[in-house]
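# Notes for the structure review
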Amino acid sequence: MYRERLELDGKVAVVTGGSRGIGLACVTALREFGATVVIADLLDELGTEAAASFPDRVEYTHLDVTDADDVTAVFADVAARHGRLDILVTSAGIANHQASAEITRETWDRVLAVNATGTFWCAREAARHMTSGGSVVAIGSMSGELANAPQRQAAYNASKGAVHLAVRSLAVEYVEAGIRVNAVAPGYVGTDLTREGVPDDWWDDWIRRTPMQRVGTPEEIASLVAFLASDAASYMTGSVVLIDGGYSTW
């Protein structure tokens, strides 16, 4: 009984930003539990390679989450081709480590557009096609709940805080349609994106400040995402689940 509640056989899922890192781990987990998965990303070469690395039930489609018209078209196409849409994981995101006095308007707008607005566009369009209910799992961040150190990242933190509140709001709005909306809020995870442009002393400080004394893995985040996508989490909606090795407890 309990194992069956974790199974996703016959479900159709879309994972934005699914070409690498946490997104690709989510694709792997959802497929392993039985879902057919569409990787939706801007990284065409990586996305095509990622989809081709699976023997079946994974495909790639180009998607710019900041383009509302593109989002509308892609989700309509996925639902039409597969006859349903059950799961959305919003993993498309960008980071920014910059003092607030140095952030340009262009950078601020881009971070918010990808991380926050893109999450909203995708959740809204996915919900239109979840005619038999469904599950939306947004990849937020512990940075949406606290101000990190030693880096400066006001734009990123604001974007993830917006994701968390949007999730709570949409959970209430979509409950009558049988659609659950939750967020996973990871701490530091060992991905190429996390390490990009980060000095070694920051990395060492992050580990020191984390009670478990290590960063997380994409697979650990994906395991939680798969749980929230499944019927095993059927009484969860509007939750923002921290998975940070204890960082936020200090």
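Computed from a prediction, not measured in an experiment: that's the story for all the values here.

How each quantity is defined
- Residues numbered from 1 in each chain as written.
- Predicted model: local features only at pLDDT ≥ 70, side-chain atom pairs only at ≥ 80, totals over all residues.
- Heavy atoms only, no water.
- Helix = DSSP H or I, 4+ residues; strand = E, 2+ residues; numbered from the N terminus.
- Buried < 20%, exposed > 50% of the residue type's maximum accessible area, 1.4 Å probe, protein only.
- Contact = heavy atoms within 4.5 Å.
- Areas by Shrake-Rupley, 256 points an atom, 1.4 Å probe, with all protein chains shown as cover.
- Lys, Arg positive; Asp, Glu negative; His and termini not counted.
- Charge placed at Lys NZ, Arg CZ, Asp CG, Glu CD.
- 1 Å grid on protein atoms, 1.4 Å probe; cavity = no way out; pocket = protein on both sides within 12 Å on 5 of 7 lines; lining within 4 Å.
- Points joined across faces, edges and corners; volume = space filled by probe spheres on them.
- Nonpolar A, V, L, I, M, F, W, Y, C, P; charged D, E, K, R; others polar.
- Pairing = 2+ DSSP bridges.
- Axes fitted to C-alpha atoms, helices over the stretch in contact; angles between N-to-C directions.
- Phe/Tyr/Trp six-rings, centres within 6.5 Å; stacked < 30°, edge-to-face > 60°.
- Salt bridge = Lys/Arg side-chain N within 4 Å of Asp/Glu carboxyl O.
- Expected span 1.5 Å × (residues − 1).
- Patch = residues over 30% accessible without salt bridge, like charges linked within 9 Å, V, L, I, M, F, W, Y side chains within 5 Å.

Per the secondary structure count, the protein chain includes nine helices and seven strands. On the principal axes, the C-alpha backbone points of the protein chain span a range of 50 × 40 × 40 Å. Across the 250 residues in the protein chain, those meeting the buried criterion constitute 49%. Considering only contacts within the protein chain whose residues lie at least 6 apart along the sequence, 69% involve residues at least 24 apart. Carbon and sulfur atoms make up 52% of the accessible area of the protein chain, which amounts to about 11600 Å² in all. Considering the protein chain, the positive charge centre built from 20 side chains and the negative charge centre built from 33 side chains are found 5 Å apart.

Inspection of every chain in the model, using the stated rule, returns one cavity of 30 Å³ or more. Considered as a void within the structure, the largest cavity measures approximately 50 Å³ in volume. Taken together, Thr-119, Ala-123, Val-136, Ala-138, Val-163, Ala-166, Val-167, Leu-170 and Val-181 form the lining of the largest cavity. Per-element accounting of the lining of the largest cavity gives the leading share, four residues, to helix α6 (residues 154–174).

Here we take up the layout of surface pockets. Space inside the largest pocket adds up to approximately 960 Å³. Around the largest pocket sit 42 residues that line it, and Ser-91, Gly-93, Ile-94, Ala-95 and Leu-193 are the ones nearest its centre. Among the elements of the structure, α2 (21–32), β2 (36–41), α5 (105–129), α6 and α7 (192–195) are those that each provide at least two residues to the lining of the largest pocket. A class-by-class count of the residues in the lining of the largest pocket yields 18 nonpolar, 17 polar and seven charged.

Taken in spatial order, the seven strands line up as β3-β2-β1-β4-β5-β6-β7 in an open sheet, and their pairing is parallel. Either end of the sheet is taken by a strand with one partner, and the two such strands are β3 (58–62) and β7 (240–243). If you compare each strand with its neighbour and ignore which way they point, the axes differ by 20° on average. Relative to strand β4 (residues 87–90), strand β1 (residues 12–16) runs parallel, the two sharing four bridges. Considered in β4, the bridge of Val-15 is made with Val-89. Packed onto the sheet, helix α3 (residues 44–52) meets β2 and β3 and runs at close to 165° relative to β3. Helix-sheet contacts for α6 involve β5 (134–139), β6 (179–186) and β7, and the interaxial angle to β6 is about 160°.

Once that is clear, we can look at the packing of aromatic side chains. Applying the stated rule across the entire model yields five aromatic pairs. Ring geometry for Phe-120 and Trp-121: centres 5.6 Å apart, planes at 55°, overall tilted. In this structure Phe-120 comes out as partly exposed when scored by relative accessible area, which is 33%. Following the ring pairs from residue to residue traces out a cluster consisting of Tyr-188, Trp-202, Trp-203, Trp-206 and Tyr-247.

Attention shifts here to the pattern of salt bridges. In total, this model carries twelve salt bridges according to the counting rule given. When the shortest N-O distance is used, the salt bridge between Arg-31 and Asp-56 registers 2.6 Å. Remark: Asp-56 occurs in the loop between α3 and β3 and Arg-31 occurs in helix α2; sequence separation between them is 25 residues. Arg-31 gets classed as buried once you look at its relative accessible area, which sits at 15%. Here Glu-125 makes a salt bridge to Arg-124, at a shortest N to O gap of 3.3 Å. Note on Glu-125: relative accessible area 3%, which makes it buried. Taken together, the shared-partner salt bridges connect Arg-31, Asp-56 and Arg-57 into one network.

Here the focus is α2. Here α2 spans 17 Å end to end across twelve residues, near enough to the 16 Å set by a 1.5 Å rise per residue. Every buried residue belonging to α2 is among Ile-22, Gly-23, Ala-25, Cys-26, Val-27, Ala-29, Leu-30 and Arg-31, and all of these are buried. Positive phi appears at Gly-34, one or two residues downstream of α2, with a value of about 115°.

Bringing a nonpolar patch on the surface into the picture now. Side chains of Leu-42, Leu-43 and Leu-46 sit close together on the surface and give an oily, nonpolar patch of about 220 Å² of accessible area. Position of Leu-46 among the secondary structure elements: in helix α3. Using a relative accessible area of 36% as the deciding quantity, one classes Leu-46 as partly exposed.

Function cannot be inferred from these measures alone, as they are strictly geometric.
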